[in-house]
Amino acid sequence: MKEHVEKLYALSRKPSRRIIGLMSGTSLDGLDVALCHVVGSGPETRLKVEHFKTVPYEDGFRNAVREIFAKRQIDFQQLCLLNPFIGLQHAQMILECLSEWGIPTSEVDLIASHGQTVFHAPQKQHGIAGFPNATLQIGDGDHIAVKTGIITLSDFRQKHIAAGGEGAPLAVYGDYFLFSQKGESRILLNMGGIANFTFLPGNLDTSAVFTTDTGPGNTLIDAFTRLHFGKSYDENGSIASSGVIDEALLKALKDSPFFEQPFPKTTGPEVFSVDYVKNAMQVSGRGGIAPNHLIATLTQFSAEAISEAIRDAMPAGEAFEMYASGGGAHNPVLMSAIGELLGRHIRLIDELGVSGDAKEAVLFAVLANEAVAGEALYFGEKKGVPGVSMGKISFPG
Ligand SMILES: Nc1ncnc2c1ncn2[C@@H]1O[C@H](COP(=O)(O)OP(=O)(O)OP(=O)(O)O)[C@@H](O)[C@H]1O
Ligand SMILES: CC(=O)N[C@H]1[C@@H]2OC[C@@H](O2)[C@@H](O)[C@@H]1O[C@H](C)C(=O)O
């Protein structure tokens, strides 16, 4: 039906677009919904977040996803059912947000849906000869498009892999377009379940742009806070601040092949899991560690993995400002440990005009905008940042 293609073509020629960016991350806390007004494209992109909300997941939803999340062995039917189910749930959440904000669906040009990562397996991690980098996001875009009536782009990570990347981090593209600043080199650190950072050179040289995951952000802190304290996360780091860092356990936690891999690299809760920590506890003879000391040690582990990655990946003597985002930016123990380890003040991305909680959802709005209206992307020969458009297009009819 060419009317859809014609509509998309007309959209691509508009001076500005209204795009809903969606992110459901590894923390499984909820769906981030960012309604963005996007003017232009590429380095000329100007974006305003008109509305933002994290729609919390209900326990039933979260538990259904956890049955298959980051697991090598699963009930295949559960995976099959969750693919349309998550799409429909996300569509319903979008409709509720729009109704709350008083915005008709006809006034939204596009939805940019990340979906839910259920497994991430870069080649360096799975190590199986002949098989490529792989990652899987579910929550099918067709269901979102049909239920909302809005053209939807989804499944952004496959093209990145097809073009030589590991499927992540994708934040770098949005970071470059929205936050690059001539005269100020910047590191943008995002701490969700997994942490990553982008380096944006102050001379705007695309071939010097750099991005990588660093290892755990909140994923291990969350898992053991859930296990020992029955809470979904260590609010404001209060448990960590009541504990003492256990150096022997910390050393065992840092002994992972992931930290030996060259940059750029990616990872997930497939590696940094409850079993990973239990193994480190056993190796270090700390099986009986008190829960608050464990949370303090896991928080320091994330802080050291982040700081060491930044130190190792950056050229010596490089001057930069650092801006944090993601849920971990709300954890003062994590933030001050990183600040101390790097010997610098860490600012919040909010200072640059986008809320740190909305940043990843905003990023997908930028990627969809590029796919529909952008010119060719070129990040030089930089590994991990292929110059490709991303996102598969679903029409509502
Ligand atoms: N006030 C707070 N104190 C401590 N931690 C917090 C606070 N608020 C949020 N967090 C942490 O942030 C997490 C959510 O972060 P975020 O939404 O950025 O992750 P995500 O997007 O799911 O993950 P990823 O970026 O890895 O996909 C929570 O699970 C919790 O660990
Ligand atoms: C496979 C996957 O979903 N990776 C996520 C995850 O969460 C944080 C980190 O690991 C990052 O690499 C990525 O998400 C962000 C949005 C990214 O691609 O930039």
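Calculation notes
- Every chain is numbered independently, its residues counted from 1 as its sequence is written.
- The naming scheme follows written order: chains are lettered A onward, ligands numbered 1 onward.
- Where local features are concerned, this predicted model is filtered to residues with pLDDT of at least 70; where side-chain atom pairs are given and counted, the filter is 80 or more; whole-chain, interface and lining totals use all residues.
- UniProt positions are given in the numbering used here, feature names are shortened, and annotations may be inferred rather than shown by experiment.
- Reported domain spans reflect what an automatic or database domain assignment gives.
- Going along the chain from the N terminus, every DSSP run of H or I of four or more residues is numbered as a helix, and every run of E of two or more is numbered as a strand.
- Amino acid classes used here: Ala, Val, Leu, Ile, Met, Phe, Trp, Tyr, Cys and Pro are nonpolar; Asp, Glu, Lys and Arg are charged; the rest, including Gly, are polar.
- We treat two strands as partners when DSSP finds at least two bridges between them.
- By definition, residues are in contact whenever their C-beta atoms, placed on the basis of the backbone, come within 7 Å of each other.
- Axis definition: a line fitted to C-alpha atoms, limited for helices to the stretch in contact. Angles are taken between N-to-C directions and run from 0 to 180 degrees.
- With C-beta atoms placed from the backbone, a residue is labelled by how many other C-beta atoms lie within 10 Å of its own: buried for 20 or more, exposed for 12 or fewer, partly exposed between the two.
- In this analysis a residue is considered near a molecule or strand if the C-beta atom, reconstructed from its backbone, is found within 6 Å of that molecule or strand.
- Relative orientations are named as follows: roughly parallel for angles under 35 degrees, roughly antiparallel for angles over 145 degrees, roughly perpendicular for angles from 65 to 115 degrees, and oblique for any other angle.
- We define the nonpolar core as any set of buried residues of the types Ala, Val, Leu, Ile, Met, Phe, Trp, Tyr and Cys, connected via C-beta atoms lying within 7 Å of each other.
- With the far helix as reference, a near helix turned anticlockwise by less than a right angle produces a left-handed crossing, and one turned clockwise produces a right-handed crossing.

- For the protein, an unreviewed UniProt entry supplies the name Anhydro-N-acetylmuramic acid kinase and the organism Dyadobacter endophyticus.
- The UniProt entry for the protein carries this comment under Catalytic activity (unreviewed entry): "1,6-anhydro-N-acetyl-beta-muramate + ATP + H2O = N-acetyl-D-muramate 6-phosphate + ADP + H(+)".
- The UniProt entry for the protein carries the following comment under Sequence similarities (unreviewed entry): "Belongs to the anhydro-N-acetylmuramic acid kinase family."

1. Observations regarding the domain arrangement of the protein
Where interface size is quoted, it is often the accessible area lost as the parts come together.
Then step 1. Taken domain by domain, the protein holds domain 1 (2–171 + 358–394) and domain 2 (180–352).
Then step 2. When each unit is reduced to the centre of its C-alpha atoms, the spacing between domain 1 and domain 2 is 24 Å.
Then step 3. Mapped by element, the contributors of at least two residues to the side of domain 1 that touches domain 2 are β4 (110–121), α4 (123–126) and α15 (359–373).
Then step 4. For the side of domain 1 that touches domain 2, the element with the highest residue contribution is β4, accounting for three residues.
Then step 5. Of the residues contributing to the side of domain 1 that touches domain 2, the split by class is ten nonpolar, seven polar and seven charged.

2. Quick look at the sheet that holds strand β8 (residues 194–200)
Then step 1. Pairing is mixed across the open sheet formed by five strands, whose spatial order is β9-β8-β7-β10-β11. Of all the strands in the sheet, the pair left with one neighbour each is β9 (210–216) and β11 (347–348).
Then step 2. Two elements, strand β10 (residues 321–325) and β11, share two bridges in a ladder whose sense is parallel. Counterpart to Y323 in the pairing with β11 is R347.
Then step 3. Along the sheet, helix α13 (residues 291–313) contacts β7 (186–191), β8 and β9; its crossing angle with β9, the most-contacted strand, is approximately 155°.

3. Digging into the pairing of β4
Then step 1. β4 sits mainly inside the fold: twelve of its twelve residues count as buried.
Then step 2. Taken together, the three bridges between β4 and strand β6 (residues 152–154) define a ladder with parallel strand orientation. Paired with S113 across the strands is S154, a residue of β6.
Then step 3. Bridging between β4 and strand β5 (residues 134–138) involves five bridges; their strand directions are antiparallel. Within β5, the position partnered with F119 by the bridge is L136.

4. So, the site of ligand 2
Then step 1. Around ligand 2 there are 18 residues in total, and T117, A168, P169, A171 and I194 lie nearest to it.
Then step 2. Breaking the shell around ligand 2 down by element, the ones donating at least two residues are β4 and β8.
Then step 3. Residues of the shell around ligand 2, tallied by class, amount to five nonpolar, eleven polar and two charged.
Then step 4. Two domains each donate at least three residues to the shell around ligand 2, and these are domain 1 (2–171 + 358–394) and domain 2 (180–352).

5. As for the packing of helix α8 (residues 219–229) against α13
Then step 1. One can describe the packing of α8 onto α13 by two numbers: an axis separation of 9 Å at closest approach and a directional angle of 170°. The angle between the axes of α8 and α13 places the two elements in the roughly antiparallel class. Counting all contacts with α8, which are made through L220, I221, F224, T225, H228 and F229, the residues of α13 involved are P291, L294, I295, L298, T299 and S302.

6. Brief notes about the nonpolar core
Then step 1. In terms of nonpolar packing, the biggest core is built from 93 residues, with I20, A112, V362, F364, A365, L367 and A368 touching the most fellow members.
Then step 2. Element by element, the count of residues in this core is highest for α15, at eleven residues.
Then step 3. Setting aside anything within four residues of it in sequence, one finds A365 in contact with I19, I20, G21, A34, C36, V38 and A112.
Then step 4. Judged by nonpolar contacts, the second largest core, of nine residues, contains V65, I68, L82 and F119.

7. Focus on the environment of L377
Then step 1. The topology assignment puts L377 in the loop between α15 and β12 (392–394).
Then step 2. Residue classification places L377 among the partly exposed residues on the basis of 18 C-beta atoms within 10 Å.
Then step 3. A C-alpha to C-alpha distance of 35 Å links L377 and S99, two positions 278 residues apart in sequence.
Then step 4. Every residue in contact with L377, bar those within four places of it in the chain, is listed here: E370, G387 and V388.

8. What to know about the site of ligand 1
Then step 1. Lining the immediate surroundings of ligand 1 are 23 residues, of which G25, S27, G192, N218 and G327 lie closest.
Then step 2. Here the residues of the shell around ligand 1 are counted per class, giving four nonpolar, 14 polar and five charged.
Then step 3. Mapping the shell around ligand 1 onto the domain boundaries places at least three of its residues in each of domain 1 (2–171 + 358–394) and domain 2 (180–352).

9. Brief notes about unusual backbone geometry
Then step 1. The linkage connecting A168 with the following residue, P169, adopts the cis geometry, with an omega of -15°.
Then step 2. Of note, P169 is situated in the loop between α6 (157–162) and α7 (171–179).
Then step 3. The omega torsion of the bond from F263 to P264 falls at -10°, within 30 degrees of zero and hence cis.
Then step 4. In this structure, P264 sits in the loop between α11 (257–260) and α12 (274–283).
Then step 5. In this structure, A70 is a non-glycine residue whose phi angle is positive, near 60°.
Then step 6. Mapped onto the elements of the fold, A70 is located in the loop between α2 (59–66) and α3 (76–101).
Then step 7. Of note in this structure, N236 is not a glycine but carries a positive phi near 55°.
Then step 8. Residue placement: N236 occurs in the loop between α8 and α9 (238–241).

10. Things to note about the packing of α3 against helix α5 (residues 141–148)
Then step 1. It is the contact of α3 with α5, at a shortest axis distance of 8 Å, that shows an interaxial angle of 35°. For the crossing formed where α3 meets α5, the hand is right-handed. Judged by residue contacts, P84, G87, L88, H90, A91, I94 and L95 of α3 engage G141, H143, I144, K147 and T148 from α5.
Then step 2. Here the residues of the contact of α3 with α5 sort into six nonpolar, five polar and one charged.

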